[in-house]
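Observations on chain architecture
Here are the chains, one letter per residue:
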Amino acid sequence: MMPDLSVEIAGIRMRNPVMTASGTFGYGPEYADLVDLNELGAVVVKGICLNPTKGNPTPRTAETASGLLNAIGLPGPGVEGFVRDYMPFLRRYDVPVIVNIWGKTVEEYAEVAARLDRVPGIAGLEVNVSCPNIKEGSAMFGTDLLMFERVVTAIRAATKLPLIPKLAPNVADIGEFARCAEASGADAISLINSFPGMAVDIRTRGFKLANKTGGLTGPAIKPIALRLVWLAAKAVRIPVIGMGGIVTAQDALEFMMVGARAVAVGTATFVNPDTAIQVIQGIRDFFVEQGIRTVYEWVGSLRDE
Ligand SMILES: Cc1cc2nc3c(=O)[nH]c(=O)nc-3n(C[C@H](O)[C@H](O)[C@H](O)COP(=O)(O)O)c2cc1C
């Protein structure tokens, strides 16, 4: 019997538990010739804020051991530009579209959420409170509990869409942030965002990124992400979306086993655009091999006495 891979997250029904990680899959059209979007669990688009933004100067990326350091700085078309230029395309597909949002102030976050509230075809909002690459705002929303609570509460009041705050990894107690999200009205949480880092060049004696510091992603952060997802999932009842260094179905199955109901594939998509599809197929094969009938049977099945 074929296993049932479908899951529900925050009221969003997905045909399988594998989504794209924000910022690594553009807004959808960039990958549509390479990947059938309808095969994905959900498409999570690059972060959107109120007005069009340029992002950081180049170089914006540097490779590190088993990882990628980036300081893209959230360039984007702004909320109106996104709705006008990308939503008509995304509406042609039968896949949930989750819009990742960010702002420089609490009011800006709430305004972006309010403007997306009634746009047809948007399944939910993921809130980036944890981008380490912009000078003002975002980073402190993810690491200061009071600011985090304010921003989640304000967005909750501004929209009826499913709300998924994305937690920062560089906090002392991830459970505290997970519980705060739940208490402030979040329908699910996702984690982890990139981990702050930097790279330097001994020949030029300079920084490898124009922004000096950036966010580390890819396999290098997987053990960090796995621990934080495990801790966060134990702290709350709302569903958890796990990510950080997922390359294979085994990686995804590990995140789900420690408590994630769904996962996102990010940096690995830059190496092979087809990664998410291969991860879905690998999960299906493993479930067949193990006689597992549904995703729910597997989620949180870690032996953790
Ligand atoms: C180039 C790049 C851009 C990203 N942009 C965003 C973004 O706009 N919003 C966001 O919440 N996360 C963003 N992220 C973080 C990813 O969504 C994800 O949380 C992180 O990369 C960890 O997953 P991975 O190791 O599979 O890449 C970005 C990551 C990368 C590599």
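Use the structure listed above.
Residues numbered from 1 in each chain as written. Predicted model: local features only at pLDDT ≥ 70, side-chain atom pairs only at ≥ 80, totals over all residues. Heavy atoms only, no water.

Examining the environment of Ile 189
Tracing the backbone through its elements, the reader meets Ile 189 in strand S10 (residues 189-191). A sequence separation of 43 residues divides Ile 189 from Ala 232, and the C-alpha atoms of the two residues are 8.8 Å apart. The residues touching Ile 189, leaving out its near neighbours within four places in the chain, are Ile 164, Pro 165, Leu 167, Ala 178, Ala 181, Ala 232, Val 236, Ile 238, Pro 239, Val 240 and Ile 241. (Helix = DSSP H or I, 4+ residues; strand = E, 2+ residues; numbered from the N terminus. Contact = heavy atoms within 4.5 Å.)

Some words on the layout of surface pockets
Volume-wise, the largest pocket comes out at about 670 Å³. Looking at the lining of the largest pocket, the elements with two or more residues in it are strand S5 (61-64), strand S6 (67-70), strand S16 (262-265) and helix H9 (268-271). Split by residue class, the lining of the largest pocket holds 17 nonpolar, 21 polar and 3 charged. Estimated volume of the second largest pocket: approximately 200 Å³. (1 Å grid on protein atoms, 1.4 Å probe; cavity = no way out; pocket = protein on both sides within 12 Å on 5 of 7 lines; lining within 4 Å. Points joined across faces, edges and corners; volume = space filled by probe spheres on them. Nonpolar A, V, L, I, M, F, W, Y, C, P; charged D, E, K, R; others polar.)

Regarding helix H1 (residues 78-85)
An α-helical turn contains 3.6 residues, so any two residues separated by three or four positions project in the same direction. For H1, the full list of buried residues reads Gly 78, Val 79, Gly 81 and Phe 82. End-on, the buried residues of H1 take up no more than an arc of 165°, which puts them together on one face. Where H1 is buried, its residues meet helix H2 (87-90), strand S7 (97-101) and helix H3 (106-116). (Buried < 20%, exposed > 50% of the residue type's maximum accessible area, 1.4 Å probe, protein only. Arc of directions from axis to C-beta.)

Describing the sheet that holds strand S11 (residues 195-198)
An order of S5-S6-S14-S11 is seen for the 4 strands of this open sheet, with the pairing classed as antiparallel. Since the sheet does not close on itself, it has two edges, and those belong to S5 and S11, each with one partner. On average, adjacent strands in this sheet sit at an angle of 40° to one another, irrespective of strand direction. (Pairing = 2+ DSSP bridges. Axes fitted to C-alpha atoms, helices over the stretch in contact; angles between N-to-C directions.)

Re the site of the ligand
Around the ligand, a shell composed of 23 residues is seen, among which Ser 22, Lys 166, Gly 218, Gly 245 and Thr 267 lie nearest. Within the side chain of Asn 100, an N or O atom sits 2.8 Å from an oxygen atom of the ligand. At 2.9 Å, a backbone N or O of Ile 192 approaches an oxygen atom of the ligand. Taking 610 Å² as the accessible area of the ligand by itself, protein coverage stands at 97%. (Near = heavy atom within 4 Å. Polar contact = N/O pair within 3.5 Å; in protein donor to acceptor, adjacent residues only side chain to side chain. Areas by Shrake-Rupley, 256 points an atom, 1.4 Å probe, with all protein chains shown as cover.)

Quick word on the packing of H3 against helix H5 (residues 145-158)
Taken N-terminus to C-terminus, the directions of H3 and H5 make an angle of 30°; their axes are 8 Å apart at the nearest point. Between H3 and H5, the angle is such that the two are roughly parallel. Of the two possible hands of crossing, H3 and H5 adopt the one that is right-handed. Contacts between H3 and H5 involve Val 106, Tyr 109, Ala 110, Ala 113 and Ala 114 on the former and, on the latter, Arg 150, Val 151, Ala 154, Ile 155 and Ala 158. Here the residues of the contact of H3 with H5 are counted per class, giving 9 nonpolar, no polar and 1 charged. (Parallel < 35°, antiparallel > 145°, perpendicular 65-115°, else oblique. Left-handed = near helix turned anticlockwise from the far one by under 90°.)

A few points about empty space enclosed by the protein
This structure, assessed with the given rule, holds 1 cavity of 30 Å³ or more. Within this model, the largest cavity holds a volume of roughly 40 Å³. Considering the residues around the largest cavity, the lining is formed by Thr 20, Phe 25, Val 35, Leu 40, Val 265, Thr 269, Pro 273 and Ala 276. A per-class count over the lining of the largest cavity returns 6 nonpolar, 2 polar and no charged.

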